[in-house]
Amino acid sequence: MTSASSASSPSPASSGSSASSPSPAPSGSSPSSRASLVAALRAAGCVFAEDEAELILAAARTPVEAAAMAGRRAEGLPLELVVGWAAFRGLRIAVAPGVFVPRRRTEFLVAQALRQAPGARVVVDLCCGSGAVAAALAAGLGPVELHAADVDPAAVRCARGNLGPLGGHVHRGDLFDALPGELRGRVGILAANVPYVPSGEIGLLPQEARDHEPRVALDGGGDGLDVLRRVAAGAPDWLAPGGCVLVETSRDQAPDAVAAFESHGLMARSAVSEELYAHVVIGVRS
């Protein structure tokens, strides 16, 4: 599951991905219905009301359904959950209620993984949520043995829908306990986008995250690094020689995350994207 930091989740209309370009509104939608949706969304504080209205109209089968979808959005439901998909590295990733919405900043983790291990043939996505990271890695690498895991049954169902067509295998369980034993020592890329929000800061997250996304996908414990430390401890046994593990953190957490990787024998470094406000820590098995 991708972790939410202080930034709110991007809407499909504003994520910057080519897959997020609004589709034409269905025939039968009138300028007046579009205007009413825009007005309702704008009144609810949606900054990109026009783009969001277009996406809702494209997803809705009838004007009545469009109005209901706009109402759910106005009540604070993330736009991705309203329309049923999120844009991620040019892909349209299905999302569902109770599943964490992938953030655009996590595209940086995928880019770092592809740069670090462009020849990886076995890929694992722990805390996979919707499976967006695994899907994007598969798109970037070509044919791979693809595995993903999550402790949340709603996330597992969603990820299976996204990764099944790619030949991916999605397992339910707690971190490495979910993985087939034959993967041990073979993983080229281990993406583990763990929850990293400190427990005491959950209340500071945007309302969309607090009210509509599972706490297990957000809460990283006292300092936000509880799950990350468990990944650091287990990763060396699962990585192939030269394989890498990548996690997303905050700026302040990155030095401690590097130290956690190094304490378990991994060569570690951090990478930053100021544009996406993204901080990724990479550990490599030598």
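Heads up: the structure comes first, above all this text.
None of the values given here were measured: they were computed from a predicted structure.

Each value, and the rule that gives it
- Along each chain, numbering runs from 1 in the same order as the chain's sequence is written.
- Per-residue local features are limited, in this predicted model, to residues with pLDDT of at least 70; the limit for side-chain atom pairs, both in listing and counting, is 80 or more; totals at the level of whole chains, interfaces and linings are taken over all residues.
- Excluding hydrogens and water, the side-chain figures rest on all heavy atoms present in the structure.
- Numbered from the N terminus, helices here are DSSP runs of H or I no shorter than four residues, and strands are runs of E no shorter than two.
- The contact definition used throughout considers only heavy atoms, calling two residues in contact when any of these lie within 4.5 Å.
- For the area figures, the Shrake-Rupley method with a 1.4 Å probe applies, and any residue is considered shielded solely by the protein chains shown.
- For every residue, the accessible area (1.4 Å probe, protein chains only) is compared with the maximum for its type, and the residue is labelled buried under 20%, exposed over 50%, or partly exposed between those bounds.
- The set of buried Ala, Val, Leu, Ile, Met, Phe, Trp, Tyr and Cys residues whose side-chain atoms join them within 4.5 Å is what this entry labels a nonpolar core.
- For two strands to count as paired, DSSP must find a minimum of two bridges between them.
- Angular values range over 0 to 180 degrees, each being the angle between N-to-C directions of two axes fitted as lines to C-alpha atoms, with helices fitted over their stretch in contact.
- Two rings from Phe, Tyr or Trp (for Trp, the six-membered ring) form a pair when their centres are within 6.5 Å of each other. A pair whose planes differ by under 30 degrees is stacked, one over 60 is edge-to-face, and the rest are tilted.
- Both a distance and an angle decide whether a charge sits over a ring: NZ of Lys or CZ of Arg must be within 6 Å of the ring centre and within 35 degrees of the ring normal.
- Each angle is binned into one of four classes, with values under 35 degrees roughly parallel, values over 145 roughly antiparallel, values of 65 to 115 roughly perpendicular, and all other values oblique.
- Left-handed describes a crossing whose near helix is turned anticlockwise from the far helix by less than a right angle; the clockwise case is right-handed.
- Each salt bridge in this description consists of a side-chain nitrogen of Lys or Arg and a carboxyl oxygen of Asp or Glu lying within 4 Å of one another.
- In protein, a polar contact requires one atom able to donate a hydrogen and another able to accept it; more generally it is a pair of N or O atoms within 3.5 Å, and residues adjacent in sequence count only if both atoms are side-chain atoms.

Can you explain the overall build of the protein? Please cite residues and give values.
Scanning the protein from N- to C-terminus turns up ten helices and nine strands. Counted over contacts in the protein with a minimum sequence separation of 6, partners at least 24 positions apart contribute 66%. Here the protein displays about 11400 Å² of accessible surface, and carbon together with sulfur accounts for 53% of that area.

Could you give an account of the environment of Gly-181, with specific residues and numbers?
Residue position: Gly-181 is located in the loop between strand 5 (169-172) and strand 6 (187-192). The class of Gly-181 is partly exposed, set by a relative accessible area of 49%.

Break down the nonpolar core for me, citing the residues and quoting the values.
Leu-137, Ile-189 and Leu-246 are the most contacted members of the largest nonpolar core, which totals 36 residues. Among the elements of the structure, helix 5 (107-116), helix 6 (132-141), strand 4 (145-150), helix 7 (153-163), strand 6, strand 7 (239-249) and strand 9 (278-284) are those that each provide at least two residues to this core. The element best represented in this core is helix 6, accounting for eight residues. Those residues in contact with Leu-246, other than ones at most four positions away along the chain, are Leu-109, Gln-112, Ala-113, Ile-189, Leu-190, Ala-191, Ala-192, Val-280, Val-281 and Ile-282.

An account of the sheet that holds strand 9 is needed here, citing residue identities and associated values.
Strands sit in the order 5-4-3-6-7-9-8 across an open sheet of seven strands; the sheet is mixed. Across the chains shown, the open sheet's two edge strands, defined by having one partner strand only, are strand 5 and strand 8 (267-273). Neighbour-to-neighbour, the strand axes of this sheet turn through a mean angle of 20 degrees, independent of strand direction. Pairing analysis gives five bridges linking strand 3 (residues 122-126) to strand 4, with the strands arranged parallel. Across the sheet, residue Val-123 finds its bridge partner in strand 4, namely Leu-146. Each of strand 4 and strand 5 is contacted by helix 7, which is oriented at about 175 degrees to strand 5, the strand it contacts most.

So what about the packing of aromatic side chains? Which residues, and what values?
Enumeration according to the criterion identifies one aromatic pair in this entry. The lysine or arginine in question, Arg-92, covers the ring of Trp-85, its NZ or CZ lying 3.8 Å from the ring centre.

If you had to explain the pairing of strand 7 to someone new, which residues and values would you point to?
Most of strand 7 is tucked away, with nine of its eleven residues classed as buried. Summarising the sheet, strand 6 and strand 7 pair through four bridges and their orientation is parallel. Residue pairing for strand 7: Ala-191 is matched across the bridge by Leu-246. Alignment of strand 7 against strand 9, held across six bridges, turns out to be antiparallel. What sits directly across from Leu-246, in strand 9, is Ile-282.

Outline unusual backbone geometry, supporting the account with residue identities and numerical values.
For Cys-127, which is not glycine, the phi dihedral falls at a positive 50 degrees. Mapped onto the fold, Cys-127 is located in the loop between strand 3 and helix 6. Its identity as a non-glycine residue notwithstanding, Tyr-277 has a phi of 50 degrees, on the positive side. Position of Tyr-277 among the secondary structure elements: in the loop between strand 8 and strand 9. Classification of Tyr-277 as partly exposed rests on a relative accessible area of 43%.

Residues and numbers for the packing of helix 5 against helix 6, please.
Where helix 5 contacts helix 6, the two axes come as close as 10 Å, and the packing angle between them is 40 degrees. Relative to helix 6, the element helix 5 is oriented oblique. For the crossing formed where helix 5 meets helix 6, the hand is right-handed. Counting all contacts with helix 5, which are made through Leu-109, Val-110, Ala-113 and Leu-114, the residues of helix 6 involved are Val-133, Ala-136, Leu-137, Gly-140 and Leu-141.

Describe the pattern of salt bridges, listing the residues and the values that go with them.
Under the definition given, this model contains eleven salt bridges. Among the ionic pairs, Glu-50 bridges to Arg-42, the shortest N-O distance being 2.1 Å. The closest approach of N and O atoms between Glu-145 and Arg-186, which form a salt bridge, is 2.7 Å. Taken together, the residues span a long stretch of sequence, with Glu-145 in strand 4 and Arg-186 in the loop between strand 5 and strand 6 at a distance of 41 residues. Overall, the relative accessible area of 27% leaves Glu-145 in the partly exposed class.

Run through the pairing of strand 2 (residues 91-94), naming residues and quoting values.
Sheet topology places strand 1 (residues 85-88) next to strand 2; four bridges connect them, and they run antiparallel. Note that in strand 2 the partner of Trp-85 across the bridge is Ala-94. Between the antiparallel neighbours strand 1 and strand 2 lie two residues, among them Arg-89 with a positive phi of about 50 degrees.

Account for helix 7, naming residues and giving values.
Because an α-helix packs 3.6 residues into every turn, residues spaced three or four apart end up facing the same way. Every buried residue belonging to helix 7 is among Ala-154, Ala-155, Val-156, Cys-158, Ala-159, Asn-162 and Leu-163, and all of these are buried. For helix 7, the secondary structure elements touched by its buried residues are strand 2, helix 6, strand 4 and strand 5. Where helix 7 begins, one side-chain oxygen reaches toward the backbone nitrogen of Ala-154, 2.9 Å away; that side chain belongs to Asp-152.

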